[in-house]
Amino acid sequence: MNHLMSTAGWFFIGFVALTLFITLVAARRNRSAQDFYTAGGKVPGWMNGIALAGDYLSAAAFLGAAGMYLSLGYDSLVYAVGTLAGWPLLLLLMAEKLRRLGRYTVADVLAQRFSERRVRLMTTLSSLTITLFYLIVQMVGAGKLIELLFGLPYLDAVALIGLLMVCYVSLGGMLATTWVQMIKALLMMGCGIALAAGVLLHYAGSPALLFDAAARAAPAHDIFLPSHALANPVDVLSLGLGLTLGLLGLPHVLMRFLTVPDERAARHSVAWATGLVGLFFILNIVLGYGALALVSPDAQFHDGAGKLLGGSNMAAIHLADLLGGATLKALVAAVAFATILAVVAGLTMAGASAISHDLYANWLRRGPANEKRELAVSRWAALGLGLAAVLLSTWFQNQNVAFLLGLAFAISASSQFPVLLLALHWRGLSARGAWWGGMTGLLAALLLIGAGPAVWVGVLGHAKPLFPYANPALFSVPLAFLAAWWGSLSRSAPTTAT
Amino acid sequence: MSVTRISGPLLACLVGLSSAAYYGVVAFAPGWLSGRIAGIPVSIAVALGLFLLFFGVTLLYSLAEAADAPTEGDPR
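Residues numbered from 1 in each chain as written. Chains lettered and ligands numbered in written order. Predicted model: local features only at pLDDT ≥ 70, side-chain atom pairs only at ≥ 80, totals over all residues. Heavy atoms only, no water.

(A) Seen up close, the overall build of chain B. When helices and strands are counted, chain B shows 2 helices and 2 strands. Each helix and strand of chain B, ordered N terminal to C terminal, gives the series α-β-β-α. Sequence separation of at least 24 residues holds for 65% of the intrachain contacts in chain B that already meet a minimum separation of 6. A total accessible area of about 3800 Å² is found for chain B, and carbon and sulfur atoms account for 74% of it. (Helix = DSSP H or I, 4+ residues; strand = E, 2+ residues; numbered from the N terminus. Contact = heavy atoms within 4.5 Å. Areas by Shrake-Rupley, 256 points an atom, 1.4 Å probe, with all protein chains shown as cover.)

Below is the structure:
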């Protein structure tokens, strides 16, 4: 354990030192608000693609997915299919237009059509809610990881992450975030390849032998079919809809299209990101079933009650321990930590921009603010977001991060996506329709999640949920579109600045 | 390689329908995913096929030159 702590500790310190150095270098290059928010709009397509993959491959993709294979088998792949489907849709429906219309944030895209302040307010609220929920997911993964490796209490662990993320964003802005994401994406990919190779070597390079062994390790149910958790067809369809469309509303992903020089680079970004994310999902199949076959039957990774040490999110870490001992475990843990830190930085960047640029400068001050003051607000906003995420994550610390991510996607698919899609493709959308659609989707998703099993039962401790389905998207997404359509039909006043 | 502008919506439909069909099978007929092909579970082979389709669509469109022109009927 001491060896592990020292090895993991050195990896952790090394990564933090490297990324802080990068942040300081980036900070010197930030001379304007455009540099801070969008890295000057000069990031090449391939670099942005790797950073996009880094933004997207979060704690849920690494820790949560392997944990879900271990506990629920094939369900993890059901999640992966939906989330990957979002990438081509993002390219075909949004990427180029976002680049063409956007300036600093998603709200700027809508502001090109609607000058009403309430539309910007709606988009900002929506962005902040999604960002905060997504941040909670990352914090849960980070907290558990550090708790397991160093024995730090959960709250101390997430506070450490919060402090680092505030440093990255407030000092380095989007350029530092981009570089950190790239390094992290490549590290994560290397780690995934090493682990998958280790698993396959264990089974003479044969995936068929691996699947046989995984099936033998879990004889009670068919691990290659959806589990009992996906037994309800409405829940499955709702999950699929939320996962597929959720990507198209994630602020930290959409903001990345504002960092490239043109639409061609925006398209290339998505191709790179889809390839990398898809490759990682394939590696995850090997890792997940490898964990099922190797970690699941091994008593050393379970407590007296038979539960996995550190919870199901730690399956990949235990797999690394089994394949390569303490050193590989420490390396994988450090990469997982880097993953979380980088994603958290990207999310905080999106959230802080929404607060400083949209809420403060354009909504509160009703126009261009002093650039220095706006950036100062952004830095304070990063701190506030960090604190909020740390505290809120304590409520959700015992839930699977992949499942929690599904809920974040559902909020995104219900609030941001419908309004953006209609704004980019439907001339008939009015400011009133945008406001109605966005707010209806956001409130419906939040209320249904609050009344559903995750919060009503999992957090508040009630025996039965008020809303029976785990994912709200099947209801909240159509409601948002309906409200946007109805609001646009019933418009009575022209869209003017207020 | 040339992909015309009309391909965009068609490709989006292809991706959307494929995803809908997959979740429809998972929801209503998960048994269709049982069995094996060359030692690989059918459910995994189907997911891998979809991964390939999604990446293929993205690659095809991103390499297209025709899409560089501004979109006609841009709602802006």
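Moving on, there is more to tell.
(B) Geometry of the packing of aromatic side chains. All names here are of chain A. Using the criterion set out here, one finds 14 aromatic pairs over all chains in the structure. Ring geometry for Y56 versus W87: centroids 5.0 Å apart, planes at 85°, classification edge-to-face. With a gap of 31 residues between them, Y56 in helix α3 (residues 45-56) and W87 in helix α5 (residues 75-101) connect regions that are remote in the sequence. The two residues Y56 and W87 agree in class, both being buried. (Phe/Tyr/Trp six-rings, centres within 6.5 Å; stacked < 30°, edge-to-face > 60°. Buried < 20%, exposed > 50% of the residue type's maximum accessible area, 1.4 Å probe, protein only.)

(C) Representation of the interface of chain B and chain A within the structure. At the junction of the two partners, chain B supplies 42 residues and chain A supplies 50 residues. Between chain B and chain A, the buried area comes to about 3900 Å², and carbon and sulfur atoms account for 69% of it. Remark: the boundary between chain B and chain A carries 1 salt bridge. Note that A:D212 and B:R36 form a salt bridge whose closest N and O atoms lie 2.9 Å from each other. At the surface where chain B touches chain A, the tally comes to 9 residue pairs in polar contact (both at pLDDT 80 or more). Where the side of chain B that touches chain A is concerned, the elements lending two or more residues are α1 (7-28), β2 (40-41) and α2 (42-63) of chain B. Ranked by residue count, the leading element in the side of chain B that touches chain A is α2(B), at 13 residues. Here the residues of the side of chain B that touches chain A sort into 26 nonpolar, 11 polar and 5 charged. (Buried area = accessible area lost by both parts, 1.4 Å probe. Salt bridge = Lys/Arg side-chain N within 4 Å of Asp/Glu carboxyl O. Polar contact = N/O pair within 3.5 Å; in protein donor to acceptor, adjacent residues only side chain to side chain. Nonpolar A, V, L, I, M, F, W, Y, C, P; charged D, E, K, R; others polar.)

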